[in-house]
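Architecture and fold: a report
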Amino acid sequence: MGSEMCIRDRYTKVKRNDHRWRNQLKSAHIKFYNEFGNHKNANKVLLKAAKHQFEDKEYTESYSSSSILVNKKNIDRKTYASAILIHAHSAFELEKYMLAEGAYNDAIKVADNKLKPSLKEKAAASAYLFAKSQINSNPKLAVSELSRVGTTYKGTSVANTASFDAAGLLMKQNDNSRAEAILVKLKGSQAAKGKGYDEKNLHEKLAYIYLNNKQYNKAANEFVYIYNREKNVAKKREILLSIADLYKKAGNRSQALKMQKEYVKVYKSPLSDYVNTLDEIATYYKDNRNLKLERTYLIEIVDISKKYKQLPSEVKHYIAKANLRFAYFEYQVFARAKLHRPLKKTLKNKIKLMKKVLKKYDDVINIGDFELTSEATYNIANTYYVLSKDILGSQRPKGLSDDEYEQYTIILEDQAYPFEDKSIEIHKKNLSLTQKGGMNKWVT
């Protein structure tokens with residue numbers, strides 16, 4: 001008896017996998033329903049036919065058979081629940097996505113609680129695919145439908161993708177304000193993190209919108225996120241420079257400084273960008289009268305000349321500029337030094353300080369940058385002139401008679417005029433640069 005049961009089961013299994021037998025079975029079910037539609041088992045027989053049709057990927061047929069059942073008024077709940085599922089699945093396979101969405105939502109109403117989440121996912125997928133199918137023919141409808149999926153089917157795997165795609169379409173339609181609202185909402189949703197879209201691309205889209213609207217601070221904030229997740233070293237370097245520039249455009253100089261400090265810490269090449277960034281940091285501290293930190297970054301610029309034998313002209317320019325600033329520091333010390341009795345001692349110190357100034361200006365001139373060389377030459381001439389004036393205006397000894405005072409003044413003039421003559425000579429030399437085609441405020 002056991003062997004007979006085994007043979008019978010195997011025979012039944014073979015018959016069920018036989019294509020001709022299955023077709024005959026489906027035909028028999030359909031024929032029974034058509035001839036005995038009022039029979040108490042008619043609906044169940046048609047349901048079996050619909051199941052076989054769907055299993056055999058005859059979606060048009062399974063859709064038709066299930067349609068009959070789901071539209072009947074007197075069908076029992078269990079049969080209807082099975083029929084509406086076949087109906088929804090068949091519509092989905094036939095790419096009748098609007099019909100599939102409706103059918104899945106109807107199925108949810110009669111489904112077990114365990115099944116409802118997966119049916120909601122299918123309904124959301126149907127609505128999403130319908131929206132995507134409209135992108136080329138009716139982009140406005142596509143946006144509307146994608147937005148609907150994002151709100152109606154919140155929590156499904158496709159909801160965030162739909163919202164993200166809607167924002168992308170809106171951007172193509174130049175409706176950046178609506179796109180921004182969607183993207184900001186997605187970005188702010190903790191549940192959305194890493195689900196359904198490329199988060200880096202979301203920040204790139206927002207950055208594009210903010211740049212287009214000249215909202216540079218917001219754009220920079222988005223690029224910070226992009227920078228932190230970028231793997232390519234060259235791209236990271238370019239992004240970091242862009243962030244600093246955007247913060248500067250926004251007037252957020254403190255944030256720009258933070259990015260620039262990060263840049264010079266991490267990226268030492270190319271030298272032109274590195275030294276330019278050092279110069280901007282130094283300038284920031286100069287503007288904020290923080291001479292200590294300004295000097296720190298100026299030293300880094302000047303030290304570049306010690307590390308490389310050959311440098312591009314742009315880098316040399318910044319080195320010369322830094323040396324010019326150091327010359328200014330030395331000049332301030334020189335200018336503050338007063339000449340008083342005993343004159344011989346204080347004049348000796350003053351000349352010593354002047355030599356330090358001249359050495360720094362020579363460092364500028366030796367680099368050969370016309371603009372800065374002409375400024376340095378002008379300042380050298382001015383330094384000699386200041387020394388000359390200081391000597392003439394220096395403190396006289398007490399108790400001098402008028403004749404003695406006059407004689408003392410002549411002695412001072414003898415010491416001062418050579419420096420004044422030197423100043424005039426250097427100014428003439430600077431003016432000669434105009435004959436070589438050079439022209440700026442330092443030589444005119």
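Turning next to a negative patch on the surface. The grouping of Asp402, Asp403, Glu404 and Glu406 at the surface amounts to a negative patch. Among the structural elements, aspartate 402 can be located in helix 20 (residues 402-431). Of the residues examined, aspartate 402 reaches a relative accessible area of 68% and is grouped as exposed.

Attention shifts here to the side chain of lysine 205. Inspection of the secondary structure puts lysine 205 in helix 11 (residues 199-212). No salt bridge is formed by the buried lysine 205; the nearest opposite charge belongs to glutamate 204, separated by 6.8 Å. Among all residues touching lysine 205, those that are not within four sequence positions of it are Phe164, Gly168, Met171 and Leu183.

Bringing the nonpolar core into the picture now. Looking at soluble globular proteins, one finds that nonpolar side chains tend to be buried together. Core analysis: the largest hydrophobic core is formed by 92 residues, its most contacted members being Leu183, Ile243, Ile301 and Ile304. Here the element with the most residues in this core is helix 15 (residues 271-287); it accounts for eight residues. Contact partners of isoleucine 301, with chain neighbours within four places excluded, come to Val275, Leu278, Asp279, Tyr318, Ile319 and Ala322. Core analysis: the second largest hydrophobic core is formed by 28 residues, Leu339, Leu343, Leu353 and Tyr361 among them.

For the rest of this paragraph, the subject is a positive patch on the surface. A grouping of Lys40, Lys44, Lys48, Lys51 and Lys78 is seen on the molecular surface, where their side chains present a positively charged patch. Here the element with the most residues in the positive patch is helix 3 (residues 42-55); it accounts for three residues. Among the secondary structure elements, lysine 40 is positioned in the loop between helix 2 (19-35) and helix 3.

A word on the confidence of the model for the protein. Scored by pLDDT, the protein comes out at a mean of 89, with 92% of its residues at no less than 70. When mean pLDDT is compared element by element in the protein, helix 7 (residues 116-133) scores highest at 97, while helix 1 (residues 2-17) scores lowest at 50.

Moving on, we come to helix 3. In a regular helix each residue adds 1.5 Å, so 14 residues correspond to 20 Å; helix 3 covers 20 Å between its end C-alpha atoms and thus fits that length. Along helix 3, the positions that sit buried rather than exposed are Ala42, Asn43, Val45, Leu46, Leu47, Ala49, Ala50, His52 and Gln53. Looking at the buried positions of helix 3, the neighbouring elements they touch are helix 2, helix 4 (59-70) and helix 5 (77-93).

Let us look at the pattern of salt bridges. Taken as a whole and judged by the stated rule, the model has 18 salt bridges. As a salt-bridge pair, lysine 306 and aspartate 303 come within 3.3 Å of each other at their nearest N and O atoms. Taken together, the residues span about one helical turn, with lysine 306 and aspartate 303 both in helix 16 (residues 291-307) at a distance of three residues. For lysine 306, a relative accessible area of 66% gives the class exposed. Because the salt bridges share partners, they merge into one network encompassing Lys26, Asp56 and Glu58.

Time to look at the environment of isoleucine 424. Relative to the elements of secondary structure, isoleucine 424 occurs in helix 20. It is 9.0 Å that separates the C-alpha atoms of isoleucine 424 and asparagine 382, two residues lying 42 residues apart in sequence.

This paragraph deals with the packing of helix 6 (residues 97-110) against helix 7. Helix 7 packs onto helix 6 with a crossing angle of 165 degrees between their chain directions and a minimal axis gap of 8 Å. Looking at the two axes, helix 6 sits roughly antiparallel to helix 7. The two elements helix 6 and helix 7 cross, and the hand of that crossing is left-handed. Within the contact between the two elements, helix 6 uses Tyr97, Met98, Ala100, Glu101, Tyr104, Asn105, Ala107 and Ile108 and helix 7 uses Lys116, Leu119, Lys120, Lys122, Ala123, Ser126, Ala127, Leu129 and Phe130. Residues of the contact of helix 6 with helix 7, tallied by class, amount to eleven nonpolar, two polar and four charged.

Calculation rules
- Residues numbered from 1 in each chain as written.
- Predicted model: local features only at pLDDT ≥ 70, side-chain atom pairs only at ≥ 80, totals over all residues.
- Heavy atoms only, no water.
- Patch = residues over 30% accessible without salt bridge, like charges linked within 9 Å, V, L, I, M, F, W, Y side chains within 5 Å.
- Areas by Shrake-Rupley, 256 points an atom, 1.4 Å probe, with all protein chains shown as cover.
- Salt bridge = Lys/Arg side-chain N within 4 Å of Asp/Glu carboxyl O.
- Lys, Arg positive; Asp, Glu negative; His and termini not counted.
- Charge placed at Lys NZ, Arg CZ, Asp CG, Glu CD.
- Helix = DSSP H or I, 4+ residues; strand = E, 2+ residues; numbered from the N terminus.
- Buried < 20%, exposed > 50% of the residue type's maximum accessible area, 1.4 Å probe, protein only.
- Contact = heavy atoms within 4.5 Å.
- Core = buried A, V, L, I, M, F, W, Y, C linked by side-chain atoms within 4.5 Å.
- pLDDT = per-residue confidence, 0-100.
- Expected span 1.5 Å × (residues − 1).
- Axes fitted to C-alpha atoms, helices over the stretch in contact; angles between N-to-C directions.
- Parallel < 35°, antiparallel > 145°, perpendicular 65-115°, else oblique.
- Left-handed = near helix turned anticlockwise from the far one by under 90°.
- Nonpolar A, V, L, I, M, F, W, Y, C, P; charged D, E, K, R; others polar.

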